[in-house]
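# A look at the structure
Listed below are the residues making up each chain.
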Amino acid sequence: QETLLSVDSLDVKFEVPDGTIHALRDVSLAVRKGETVGLAGESGSGKSTLALAIVQYLDANGWVDDGSITFEGEDLLSASKSDLRSIRGNRIAHVAQNPARSLNPSMTIGAQVRETIELHQETGSSEETDERVYEVLDQVNLPDPAGIAERYPHELSGGQQQRALLAIGLSCNPDLLILDEPTTGLDVTTQAKFLDLVEDLKTEYDAGILLITHNLGVISEIADRVNILYAGEMLEKGPVDDVFTAPANPYTQALLATTPEIAEDKEVKPIPGRIPELDDIPDGCIFADRCEFATDECTSGDIETETVDAERDHESRCLHWQDVLDNPIDVPEK
Ligand code: ATP
Ligand code: MG
């Protein structure tokens, strides 16, 4: 299938008062047309940073230090400001983790949706456009669309703000939809409805979706492929069916064991230790200090990404991936 977005060997850094944070190192990721791609990893692993780098919305102290980002054949890193603005408004919709920052605080939700619709779609009478606004707000499961349309962003909950942002994003018929933690803070029912919505959108718009979440249960439910990020490095990627049933990286294996929806009747086992600081990256594998499979070789040099299954595009950044496959998750039965 046609590749929509391709991130290759990306490095992102942030300047901070006492040095430089190397937040993403040699990160690659692809999204094809009509595909839902999950991006998972613990808090602080760099998920939002990757999304923000793609839409070039990194904080002012951050920059892409190396690598490339190609969208529909266009090099995003060398695109002009006006090209970028047009790509963001027309072809890529980014529903940020922090929606308040992306909404205009001094315009009602209705006015913001209306503005996008008028910019991107043939519009008829004012009443017809109003109807279209309510329709989009209803489509993202916002209750009482006409009432919500009258409100300002600060009068909405975080989850409602994100859905308003999604409504605005959808009004421009994007080719790529980036959703950053769209289900966090939603109750289970609303979350299930939201996931159904994403499925419908995929069918209706044939867009590519990059779904960012620390919730592996959500990814296993709706994603086709998954990318596992740890402390700024992509440790494993492949089809959800492969990665979740036969992980080829110790981190993925450990992470799955912490997910009740996936570990099912087995005991949930937290990963010992903590995610390393990113201002002083150690040699060797970034997960070595927490890894049950680690040997001396793991703590020096560069660890390359290895192919687990070329046909299925399954890769793991681990010297011992074969060992990991041979020793499936060891979680005690209840
Ligand atoms: P979460 O699940 O909590 O949303 P995340 O995976 O989205 O986490 P990021 O927000 O991308 O993580 O952060 C990745 C790393 O980059 C963290 O160590 C964070 O502290 C650092 N970082 C992000 N933005 C900045 C910034 N503007 N200045 C300095 N460091 C930053
Ligand atoms: Mg984040």
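Residues numbered from 1 in each chain as written. Chains lettered and ligands numbered in written order. Predicted model: local features only at pLDDT ≥ 70, side-chain atom pairs only at ≥ 80, totals over all residues. Heavy atoms only, no water.

Distances from the magnesium ion (ligand 2) to its protein donors, Ser48 (OG) and Gln97 (OE1), fall within 2.0 to 2.1 Å. Here Ser48 is found in helix H1 (residues 47–54), whereas its partner Gln97 is found in the loop between strand S6 (92–95) and helix H3 (99–102), with 49 residues between them in sequence. Given a relative accessible area of 43%, Gln97 falls into the partly exposed group. (Donors = N, O, S within 2.8 Å, 3.2 Å for Na, K, Ca; no water. Helix = DSSP H or I, 4+ residues; strand = E, 2+ residues; numbered from the N terminus. Buried < 20%, exposed > 50% of the residue type's maximum accessible area, 1.4 Å probe, protein only.)

Our focus in this paragraph is the pairing of strand S2 (residues 19–32). Relative to S2, strand S1 (residues 3–16) runs antiparallel, the two sharing 10 bridges. Residue pairing for S2: Phe14 is matched across the bridge by Ile21. The loop that links S1 with its antiparallel partner S2 comprises two residues. (Pairing = 2+ DSSP bridges.)

Before going further, it helps to examine the domain arrangement of the protein chain. On domain assignment, one finds that the protein chain holds domain 1 (3–91 + 174–326) and domain 2 (108–172). Distance from the C-alpha centre of domain 1 to the C-alpha centre of domain 2: 30 Å. With 16 residues of domain 1 at the interface, the matching set in domain 2 holds 11 residues. Both faces combined, the contact of domain 1 with domain 2 buries some 1100 Å², and carbon together with sulfur accounts for 58% of it. Taken together, the connections running from domain 1 to domain 2 amount to zero salt bridges. Linking domain 1 with domain 2 are one residue pair in polar contact (both at pLDDT 80 or more), by the criterion used here. Among the secondary structure elements, those contributing two or more residues to the side of domain 1 that touches domain 2 are helix H2 (81–90), strand S7 (176–180) and helix H8 (188–205). Tallying contributions element by element places H8 first for the side of domain 1 that touches domain 2, with seven residues. Grouping the constituent residues of the side of domain 1 that touches domain 2 by class yields nine nonpolar, three polar and four charged. (Domains from an automatic or database assignment. Contact = heavy atoms within 4.5 Å. Buried area = accessible area lost by both parts, 1.4 Å probe. Salt bridge = Lys/Arg side-chain N within 4 Å of Asp/Glu carboxyl O. Polar contact = N/O pair within 3.5 Å; in protein donor to acceptor, adjacent residues only side chain to side chain. Nonpolar A, V, L, I, M, F, W, Y, C, P; charged D, E, K, R; others polar.)

All right, on to the pairing of S1 then. Two strands pair when backbone bridges link them, and S1 and strand S4 (residues 62–71) are joined in this way by eight bridges, in the antiparallel orientation. From the neighbouring strand, Val7 faces S4, where its bridge partner is Ile69.

Our focus in this paragraph is the nonpolar core. In this structure, Leu5, Leu10, Leu29, Leu50, Ile178 and Leu210 are the most contacted members of the largest nonpolar core, which totals 33 residues. For this core, the element with the highest residue contribution is S1, accounting for six residues. Each residue touching Leu210, except ones within four places of it in the same chain, is listed here: Leu29, Val31, Val37, Leu39, Ile54, Leu176, Leu177, Ile178 and Leu179. Counting 32 residues, the second-largest nonpolar core is a separate cluster that includes Ile109, Leu137, Leu165 and Val198. (Core = buried A, V, L, I, M, F, W, Y, C linked by side-chain atoms within 4.5 Å.)

Between two packed helices, what matters for the description is the angle formed by their axes and the separation of those axes. Contact pair helix H4 (residues 109–120) / helix H5 (residues 126–139): the axes reach a minimum separation of 9 Å and the direction vectors enclose 110°. Taken as axis vectors, H4 and H5 run roughly perpendicular relative to one another. Contacts from Ile109, Gly110, Val113, Arg114, Ile117 and Glu118 in H4 reach Ser126, Thr129, Asp130, Arg132, Val133, Val136 and Leu137 in H5. Tallied by class, the residues present in the contact of H4 with H5 amount to six nonpolar, three polar and four charged. (Axes fitted to C-alpha atoms, helices over the stretch in contact; angles between N-to-C directions. Parallel < 35°, antiparallel > 145°, perpendicular 65-115°, else oblique.)

Enumeration over the complete set of coordinates arrives at 15 salt bridges. Residue Arg290 pairs with Glu42 through a salt bridge whose shortest N-O separation is 3.7 Å. With Arg290 in the loop between helix H12 (260–263) and strand S11 (306–309) and Glu42 in the loop between strand S3 (36–40) and H1, this residue pair connects regions lying 248 residues apart in the sequence. Owing to a relative accessible area of 24%, Glu42 belongs among the partly exposed residues under this scheme. Residues Asp224 and Lys202 are paired through a salt bridge, measuring 3.2 Å at the closest nitrogen-oxygen approach. Taken together, the residues Asp224 in the loop between helix H9 (216–222) and strand S9 (225–230) and Lys202 in helix H8 connect sequence positions 22 residues apart.

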